[in-house]
Amino acid sequence: WSSKKVAKEKLVKQRPVHVEADADLYRSKVSADRIIVEAQAAAEKIRLIGEAEAKATNLKGLAEVDILKQRNLAWQQTSSYGAIVEKLITVLPDVARAIAEPLSKTEKMVFVSSGNGGGPSQFLKEMSTVMAEVPVTVEALTGVDLGQALSRLGGGKMGQDALQGRTG
């Protein structure tokens, strides 16, 4: 009986150690479970964000396709030539701006004339020539005669005058 009593006392003394070890084990398991749950939540968040971004990209692409289809339909319902001319006319100011842009960066111009009509007046003539060549360039690139197109749109002389920069 005394060996049972010794064993019992030994167990009673070891019990706090076992209880503390069990508590540490439980805390570690809870901490590990928490880390797993947080990692799963983060992974789910990343997955959902990825799906949302993919869906948004897809919807944006579909919207762009719809816009292109609508434009195509509109162009089919109108004269293709007229639509092209309209587009070209709307970009002509941008073309003129692009031609003139290098001059806006010029700080100082010095004109040297040898007496044969050079200098500032020659410069203006050359700029006018460049601007006058824009319709020829547009026709070469697109096949659209802007003078003829403006004549159609402006009722003859008025369209030609607009193209050549004349008024009234």
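All of the points below concern the structure found in this document. (Residues numbered from 1 in each chain as written. Predicted model: local features only at pLDDT ≥ 70, side-chain atom pairs only at ≥ 80, totals over all residues. Heavy atoms only, no water.)

**A short note on the pattern of salt bridges**
Here is the rule we go by: Salt bridges are defined by distance alone: a side-chain nitrogen of Lys or Arg within 4 Å of a carboxyl oxygen of Asp or Glu. Think of it this way: any DSSP run of H or I at least four residues long counts as a helix, any run of E at least two long counts as a strand, and we number them from the N terminus. Working definition: with a 1.4 Å probe on protein chains only, accessible area under 20% of the residue-type maximum means buried, over 50% means exposed, and in between means partly exposed.
On inspection of all chains with the given rule, the structure shows 7 salt bridges. Between Lys29 and Asp33 there is a salt bridge, with its nearest N and O atoms 3.3 Å apart. With a gap of 4 residues between them, Lys29 and Asp33 both fall in helix H1 (residues 2-77), about one helical turn apart. Lys29 gets classed as exposed once you look at its relative accessible area, which sits at 52%. For Arg47, the salt bridge identified is with Glu44, shortest N-O distance 2.5 Å. Of this pair, Arg47 and Glu44 both sit in helix H1, 3 residues apart, which is roughly one turn of the helix.

**Quick word on a nonpolar patch on the surface**
Heads up, the condition is: Each patch groups residues whose relative accessible area exceeds 30% and which form no salt bridge, using 9 Å between like charges and 5 Å between nonpolar side chains of Val, Leu, Ile, Met, Phe, Trp and Tyr. Accessible surface is estimated by sampling points in the Shrake-Rupley manner with a 1.4 Å probe; for residues, cover comes only from the protein chains shown.
A surface patch of nonpolar side chains, about 230 Å² in accessible area, is lined by Leu103, Met109 and Phe111. The topology assignment puts Leu103 in helix H2 (residues 80-104). For Leu103, a relative accessible area of 30% corresponds to the partly exposed category.

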